[in-house]
Amino acid sequence: MRDFLGKIVTAIAAVLAAMLLIFLLMSVVPGDPASTLLGPQASPEFVRQYIQQMGLDQPVHVRLIRFFENLLTGNLGTDVVSGRPVWDIIVEAVPNTMLLAVSSMALACIIGIPLGVFGVMTKSPTIDAVITSLSIVFVSMPSFIVGIALLVIFSSWLNWLPVLGASADASLLDKFRAMILPTTALAIGWIGIIGRLVRSSMLEALSQNYVRTARAYGLRKSLVFYKYALRNAIIPTITVVGMGFARLIGGAVLVEVLFARQGLGTVIYDALISRNFSVLQGSIFVVVVLFVFINFITEYVFRIADPRFSKDAA
Amino acid sequence: MGPKLSRRHFVGGAAALSALAPLGIVPAFSQEHQSFIARVDRDVENLDPAFRTSLTDSNVIRVVYQRLIDYNVGAYGWQLDAAEAIEQKSDLEITFRLKQGIMFTGGYGEMTADDVKFSLERFAFPDAEGRVSSYRQDWADLKEVVVHDKYSGSIIFERPAPNIWQSALPHASGAIVSRKAVEKFGAQFGRNPVGSGRYEVVSFSAQDGVVLKRNPLFLDTPGEFESFTVRFISNVKTAQLAVEAGEIDFTQVPLTTVPELERSGRVAVSVIPTQKFIWLGLNTESPKLADIKVRQAIRAAVNIDEVLLGAYQGKAPRLNTLLPAGLAGHWAEAPVYTQDLQQAQALLAEANVSGPLKVKLTVLNEPVFNTIALIVQAQLAAAGIEVEIDQREGGSFWSAGKDESGENMELYITSFNTSVAPVANTRWFLPNQIGDWNWSRWNSPEFEELYDSISVDFDIDSRSAKLIEMQRLMDESAAFIWLTSDVVAYAHQTWLVPMILPNGVDCQYAYFRRA
């Protein structure tokens, strides 16, 4: 229980520190938000009003305190441009981003884990080398570039899949089809990471004494491989997947922009480009909270998966 | 000889088709193209005319709300819209009479002169919540709107405002809202627009954009399409692929993609001149550029035709003065400068510039501006002027010429959209704009006097003459090297005929039609 409370305090401190950093960065970022967002047509009175509404006439610490004061009442502020509560904008966007992140990580695991295992199981050094090279290629390809290539091939040339995200009232099938390319674009890099990680963890596990002992006892090869070696080799993968899931939310920014999907990434990107600070600080707060929360959950899943860790902690 | 279609065959065919209709089995041609999707590169944010944020908002606003007068289709002249009659009664008064029976959508009743009063006055004065309109400038001279009876009234000005007829009345700043609806929704009115235009907003979401359907209550000729959608896609490559795939029907595309799109033959491409003004500016207060001979030397060293060839593949028309052709007051006889490196070097020598002159050129980090900057850098190098290019993203670029940072500006390349009211385009160069949008920090009291005089002048010829004189003063200053009035490329489905005002960027969605 004490450990749990300690983790909660650490998580809150992490969120506070991250927001402090964000506010500091926003205060030093060059550019006048009113000019960027409103252009030359804005009257000086409107610019003043806008700056005031955004709270940009206040020092950073006052803005930060106000932000957290509002947060305690469940208020993430109001977008001064559209007049909408920032919370509404985020609530509309988060499900799209979560869906993209979950489907991408699922796809990365479905392909990456067997890829890593197959690389170890195969007797052919050529196949192993091909898989290893493929993993490196996947890791080194930016999702934005992969996305453009997928769009050109599957949407423009072959006309098999749609370019844009499906509309809210589209059929389930259309929504599924619209998910395929962005999911693949975002998953590709993680397929390589997971594949390489599983391969190296498997090789390490297979060299352990308990595996040698199991073999010496004459246990079936597949049993040794999947029950003993893979089960242990998968533990570091859980941590990486957990951490990676949080990072995927960040990685989704460019993919969402490319595929015109209205998610958290698009909201942050547009707010950053237009210097819409009220939306920016609210959406970054949500991302930070999600990041901390997912890491928190990952740690507990890791403890369940690896009993040694729980015992050590106890 | 081909088969003949007799009246009997035609009637029989029509009967068979009508029998299939209840089953939902009807030929595609009867249902095709009842709607279209237009892509925008900036999200629709606020459909409250007084608090709109961008050109994208304005284009939708002009579809949703009526104004007393509207622009002609594809032209800057005007036609009656909500007004049955409208007249400039005196320099300080415009009288109007509304058509009877104009109904606001959503059950907000009939449009009255009081709605006109409410709509226009909320631009000029803070609203009940103390909010100031972002477009207050458009109605800066408004004194009040006097209501005579249910349908008629007078717009009264503090001082003559001839520009109102071009820039405010037919534009989004002339949109008539329902007082009842605004008072009900308050700051949320921008997401719950209530108008009386050809189309009404049925949904407004981040993923699907703004969906509009034909307004059944609209009194005049209805919109051609049952519905249309304005959808935000920030990435232009995505938009290009989407229009080729038929997922959207209309989008702006970069000029560089035109040959590729034309080759593919999958969509129609229109390249149209705009009325933007893009120029290379020189800060007259910079110690390096304060001497007019240095500015003239830079102007002599630039080869504008070469710039246009490199940056626009020669498709953009050259601009020799502030106001592009097509706008009243365009200075057709403006000097056309050609590159003269010897003259440039001689002028530098006259200005006692010893050693190479080093200047910084600030540009927006967009491909076309970067290309212009690189070409200008090479051209000036030939005259012995070293240019350091300072590329900036939008946020920092648009504030680079302001306040104290503007004092350090040397050369810059920028672009402004043109207002339909010619004099409105000159206001950015007034002395009171120094530190704001007058990045050349050019201070000409004579220019300011002409501006003040033209702003209250109703005589078209006199206004044009003054505008030309203002442009002559700008030319004399050598603080502005005009480059181009720009071109814009649109890709659209072959069955769609888009309508765009002469500035090339104000889309008239209400008048989009099938080919």
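Computed from a predicted model, the values in this text were never measured in an experiment. (Residues numbered from 1 in each chain as written. Chains lettered and ligands numbered in written order. Predicted model: local features only at pLDDT ≥ 70, side-chain atom pairs only at ≥ 80, totals over all residues. Heavy atoms only, no water.)

## A word on the overall build of chain A
1) Next: Counting its regular elements, chain A contains 13 helices and zero strands.
2) Next: Order of helices (α) and strands (β) in chain A, N terminus to C terminus: α-α-α-α-α-α-α-α-α-α-α-α-α.
3) Next: Viewed in the frame of its principal axes, chain A has a C-alpha envelope of about 85 × 60 × 35 Å.
4) Next: Taking all 314 residues of chain A together, the buried fraction comes to 47%.
5) Next: Accessible surface, chain A: about 15,500 Å² in total, of which carbon and sulfur atoms supply 70%.
6) Next: Within chain A, the 17 negative side-chain charges are centred at a point lying 16 Å from the centre of the 23 positive side-chain charges. (Helix = DSSP H or I, 4+ residues; strand = E, 2+ residues; numbered from the N terminus. Buried < 20%, exposed > 50% of the residue type's maximum accessible area, 1.4 Å probe, protein only. Areas by Shrake-Rupley, 256 points an atom, 1.4 Å probe, with all protein chains shown as cover. Lys, Arg positive; Asp, Glu negative; His and termini not counted. Charge placed at Lys NZ, Arg CZ, Asp CG, Glu CD.)

## Some details on the sheet that holds strand 6 (residues 142-147) of chain B
All names here are of chain B.
1) Next: Strand order in the open sheet formed by four strands is 4-5-7-6, with antiparallel pairing between adjacent strands. Either end of the sheet is taken by a strand with one partner, and the two such strands are strand 4 (83-90) and strand 6. Direction aside, neighbouring strands of the sheet carry axes that sit 15° apart on average.
2) Next: Bridging between strand 6 and strand 7 (residues 152-157) involves five bridges; their strand directions are antiparallel. When the sheet's bridge partners are listed, Val145 is paired in strand 7 with Ile155.
3) Next: Along the sheet, helix 4 (residues 113-124) makes contact with strand 5 (93-98), strand 6 and strand 7, crossing strand 6 at roughly 170°. (Pairing = 2+ DSSP bridges. Axes fitted to C-alpha atoms, helices over the stretch in contact; angles between N-to-C directions. Contact = heavy atoms within 4.5 Å.)

## What about unusual backbone geometry?
Residue and element names in this part refer to chain B.
1) Next: Its identity is not glycine, yet Asn352 carries a phi of approximately 60°, on the positive side.
2) Next: Tracing the backbone shows Asn352 in the loop between helix 11 (341-350) and strand 14 (357-364).
3) Next: Given a relative accessible area of 68%, Asn352 falls into the exposed group.

## A short note on the pairing of strand 5 of chain B
Residue and element names in this part refer to chain B.
1) Next: Sheet topology note: the strand 4/strand 5 ladder contains six bridges and is antiparallel. In the sheet register, Gln88 faces strand 5, and the bridge partner there is Ile94.
2) Next: Between the antiparallel neighbours strand 4 and strand 5 lie two residues.

## Description of the pairing of strand 10 (residues 227-232) of chain B
All names here are of chain B.
1) Next: Burial within strand 10 is extensive, with five of its six residues counted as buried.
2) Next: Where strand 1 (residues 35-40) meets strand 10, six bridges bridge the pair, whose relative direction is parallel. Bridge pairing links Phe36 to Phe228 in strand 10.

## Focus on the domain arrangement of chain B
All names here are of chain B.
1) Next: Once the domains are mapped, chain B shows domain 1 (1-46 + 198-270 + 491-515), domain 2 (65-194) and domain 3 (277-485).
2) Next: Relative placement of domain 1 and domain 3: their C-alpha centres are 40 Å apart.
3) Next: Domain 1 puts five residues into the contact, and the matching count from domain 3 is five residues.
4) Next: Summing both sides of the interface, domain 1 and domain 3 together bury roughly 350 Å²; the carbon and sulfur share of this comes to 59%.
5) Next: Counting across the domain 1 and domain 3 interface gives zero salt bridges.
6) Next: Across the domain 1-domain 3 interface, the total number found is zero residue pairs in polar contact (both at pLDDT 80 or more).
7) Next: Among the residues forming the side of domain 1 that touches domain 3, the class breakdown is three nonpolar, two polar and no charged. (Domains from an automatic or database assignment. Buried area = accessible area lost by both parts, 1.4 Å probe. Salt bridge = Lys/Arg side-chain N within 4 Å of Asp/Glu carboxyl O. Polar contact = N/O pair within 3.5 Å; in protein donor to acceptor, adjacent residues only side chain to side chain. Nonpolar A, V, L, I, M, F, W, Y, C, P; charged D, E, K, R; others polar.)

## Digging into the packing of helix 5 (residues 86-121) of chain A against helix 10 (residues 221-258) of chain A
Residue and element names in this part refer to chain A.
1) Next: Their axes nearest at 8 Å, the elements helix 5 and helix 10 cross at an angle of 145°. Like other packed secondary-structure pairs, helix 5 and helix 10 cross with a definite hand, here right-handed. Judged by residue contacts, Thr97, Met98, Leu100, Ala101, Val102, Ser104, Met105, Cys109, Ile113, Val117, Val120 and Met121 of helix 5 engage Phe225, Tyr226, Leu230, Ile234, Val241, Gly244, Phe245, Leu248, Ile249, Ala252, Val255 and Glu256 from helix 10.
2) Next: Looking at the contact of helix 5 with helix 10 residue by residue, the class counts come to 20 nonpolar, three polar and one charged. (Left-handed = near helix turned anticlockwise from the far one by under 90°.)

## Looking at the environment of Ile372 of chain B
All names here are of chain B.
1) Next: Among the secondary structure elements, Ile372 is positioned in helix 12 (residues 367-382).
2) Next: For the pair Ile372 and Arg42, spaced 330 residues apart in the sequence, the C-alpha separation amounts to 24 Å.
3) Next: Setting aside chain neighbours within four positions, we find Ile372 in contact with Val307, Ala311, Tyr312, Ile413 and Leu483.

## Overview of helix 10 of chain A
Since the α-helix advances by 3.6 residues per turn, residues separated by three or four positions end up pointing in the same direction.
All names here are of chain A.
1) Next: Taking 1.5 Å as the rise per residue, helix 10 with 38 residues should run 56 Å; its terminal C-alpha atoms sit only 46 Å apart, a clear shortfall.
2) Next: The sharpest bend along helix 10 measures roughly 40° and falls at Leu230.
3) Next: One or two steps after helix 10, the chain reaches Ala260, where phi turns positive at roughly 50°. (Expected span 1.5 Å × (residues − 1). Bend = angle between axes of the 7 residues up to and from the residue.)

## Concerning the nonpolar core
Residue and element names in this part refer to chain B.
1) Next: Core analysis: the biggest nonpolar cluster contains 168 residues, and Ile298 and Phe429 have the highest contact counts within it.
2) Next: Both domains that furnish three or more residues to this core are identified here as domain 1 (1-46 + 198-270 + 491-515) and domain 3 (277-485).
3) Next: Phe429 has contacts with Phe277, Trp279, Leu322, Asn438, Trp442, Phe447, Met474, Phe480 and Trp482, leaving out every residue within four places of it along the chain.
4) Next: If you look at the next biggest cluster of nonpolar residues, it comprises 71 residues, including Leu47, Met499, Ile500 and Tyr509. (Core = buried A, V, L, I, M, F, W, Y, C linked by side-chain atoms within 4.5 Å.)

## Notes on the packing of aromatic side chains
All names here are of chain B.
1) Next: A full pass over the atoms with the stated rule returns 39 aromatic pairs over all chains.
2) Next: Arranged with centres 4.9 Å apart and planes meeting at 65°, the rings of Trp442 and Phe447 form a pair that is edge-to-face. Accessibility assignment for this pair places Trp442 and Phe447 in one class, buried.
3) Next: The ring of Phe51 carries Arg131 above its face, with NZ or CZ at 4.0 Å from the centroid.
4) Next: Sitting above the plane of the Phe225 ring, Arg514 keeps its charged end 5.2 Å from the centroid. (Phe/Tyr/Trp six-rings, centres within 6.5 Å; stacked < 30°, edge-to-face > 60°. Lys NZ or Arg CZ within 6 Å of the ring centre and 35° of its normal.)

## A closer look at a nonpolar patch on the surface
1) Next: Residues Phe4, Leu5, Ile8, Ile12 and Leu16 of chain A make up a contiguous nonpolar surface patch of roughly 420 Å² in combined accessible area.
2) Next: Mapped onto the elements of the fold, Leu5 of chain A is located in helix 1 (residues 2-28). (Patch = residues over 30% accessible without salt bridge, like charges linked within 9 Å, V, L, I, M, F, W, Y side chains within 5 Å.)

## A short note on the environment of Thr362 of chain B
Residue and element names in this part refer to chain B.
1) Next: By the secondary structure assignment, Thr362 is in strand 14.
2) Next: On the basis of relative accessible area, Thr362 is assigned to the buried category, the value being 2%.
3) Next: C-alpha separation for the pair Thr362 and Lys237, spaced 125 residues apart in sequence, amounts to 26 Å.
4) Next: Once you skip the residues sitting within four places of it in the chain, Thr362 turns out to touch Asp390, Arg392, Phe397, Ala400, Met409, Leu411, Tyr412 and Ile413.

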